[in-house]
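Spelled out from the first residue to the last, the chains are:
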Amino acid sequence: MTKILEQLESGQLLSNFTLEYLRKEGFLSLSRYARKEISFPDYLKAAEKEKHQRCSVAEIKALREEAEQTRKREALQARMRREQEIAAAKKRAFDSDPKNIARAKQNELRAKYELSYLGLRSVSL
């Protein structure tokens, strides 16, 4: 962009490629000024409007990206909550199984009386 402005200040004509770049990037008033379609004061007025328009577009884009990030974050949190709920349900089911309750009581008694697991025959349920 600096080279384009330097060329304009020195009075050089811009190439078609450069003019196309200006048009594609939204610098329409600068492109028109470079082609001598408008005067410098008219360029300044038009450029100010374009600047506000570009800023608005950038703000809208930033808001959309922020909304997308928020949506992704919320989806991830919802998935993690579902996984935690499933894990908690599995744990409740495991803990309420009579075999597991008996095994837990047996382990508590062994720990209470400090009995070794190696020297005892386990009682099958």
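Keep in mind that what you see is a predicted model, and the values were worked out from it rather than measured. (Residues numbered from 1 in each chain as written. Predicted model: local features only at pLDDT ≥ 70, side-chain atom pairs only at ≥ 80, totals over all residues. Heavy atoms only, no water.)

Enquirer: Where do I start with the overall build of the protein chain in this structure?
Expert: On a plain count of helices and strands, the protein chain comes out with five helices and zero strands. Along the protein chain, from the amino end to the carboxyl end, the secondary structure elements read α-α-α-α-α. In summary, the protein chain has a C-alpha radius of gyration of 37 Å against a globular reference of 14 Å for 125 residues, an excess of more than 25%. Once the C-alpha set of the protein chain is aligned to its principal axes, its extents read approximately 100 × 25 × 20 Å. Counting the 125 residues in the protein chain, one finds 13% classified as buried. A fraction of 21% describes how many contacts in the protein chain between residues 6 or more apart in sequence connect residues 24 or more apart. For the protein chain, the exposed surface amounts to about 10,900 Å²; the carbon and sulfur share of it is 56%. Charged side chains in the protein chain number 27 positive and 19 negative. The centres of these two groups are separated by 8 Å. (Helix = DSSP H or I, 4+ residues; strand = E, 2+ residues; numbered from the N terminus. Rg over C-alpha atoms; globule rule 2.2 N^0.38 Å. Buried < 20%, exposed > 50% of the residue type's maximum accessible area, 1.4 Å probe, protein only. Contact = heavy atoms within 4.5 Å. Areas by Shrake-Rupley, 256 points an atom, 1.4 Å probe, with all protein chains shown as cover. Lys, Arg positive; Asp, Glu negative; His and termini not counted. Charge placed at Lys NZ, Arg CZ, Asp CG, Glu CD.)

Enquirer: Looking at this structure, how should I read the pattern of salt bridges?
Expert: Pairing between side chains becomes possible if they bear opposite charge and their charged atoms approach one another. Throughout the structure, instances matching the rule amount to six salt bridges. The salt bridge partner of E37 is R35, with a shortest N-O separation of 3.1 Å. Residue classification places E37 among the partly exposed positions, given a relative accessible area of 45%. (Salt bridge = Lys/Arg side-chain N within 4 Å of Asp/Glu carboxyl O.)

Enquirer: Help me understand the nonpolar core, please; the structure alone is not making it clear to me.
Expert: Most often, soluble globular proteins have nonpolar side chains that are buried together. Counting 10 residues, the largest nonpolar core consists of I4, L8, L14, L19, L22, L30, A34, I38, Y43 and A47. For this core, the secondary-structure elements that each account for two or more residues are α1 (2–10), α2 (16–24), α3 (28–34) and α4 (40–96). Once residues lying within four places of it in the same chain are set aside, the contact partners of I38 are S29, R32, Y33 and Y43. (Core = buried A, V, L, I, M, F, W, Y, C linked by side-chain atoms within 4.5 Å.)

Enquirer: Just to check I follow, could you spell out the side chain of N100 for this structure?
Expert: Locating N100 in the fold gives a position in helix α5 (residues 98–112). Engagement of the side chain of N100 in a polar contact is seen with the backbone oxygen of F94, the distance being 2.9 Å. (Polar contact = N/O pair within 3.5 Å; in protein donor to acceptor, adjacent residues only side chain to side chain.)

Enquirer: Mind showing me how you'd approach the packing of aromatic side chains here?
Expert: The geometry of an aromatic ring pair is captured by the separation of the ring centres together with the interplanar angle, meaning the angle of the planes. For the structure shown, the criterion picks out three aromatic pairs. Relative to Y43, the ring of F40 has its centre 5.8 Å away and its plane inclined at 40°; by these criteria the two rings are tilted. Placement of the pair is F40 and Y43 together in helix α4, with a separation of three residues, close to one helical turn. Grouped by ring-pair contacts, the aromatic residues Y33, F40 and Y43 constitute a single cluster. (Phe/Tyr/Trp six-rings, centres within 6.5 Å; stacked < 30°, edge-to-face > 60°.)

Enquirer: How should I be thinking about unusual backbone geometry in this particular structure?
Expert: Glycine aside, residues mostly have negative phi angles, and peptide bonds mostly take the trans form. Although it is not a glycine, K36 adopts a positive phi angle of roughly 65°. Summarising the element assignment, K36 is placed in the loop between α3 and α4. Positioned with a positive phi, E114 is a non-glycine residue whose angle comes to about 55°. As for its placement among the helices and strands, E114 is situated in the segment after α5.

Enquirer: Would you take a moment to explain the confidence of the model for the protein chain for this structure?
Expert: On average, residues of the protein chain score 87 in pLDDT, and 92% of them reach the 70 mark or higher. Here α1 is the element of the protein chain with the lowest mean pLDDT, 83, and α4 is the one with the highest, 93. (pLDDT = per-residue confidence, 0-100.)

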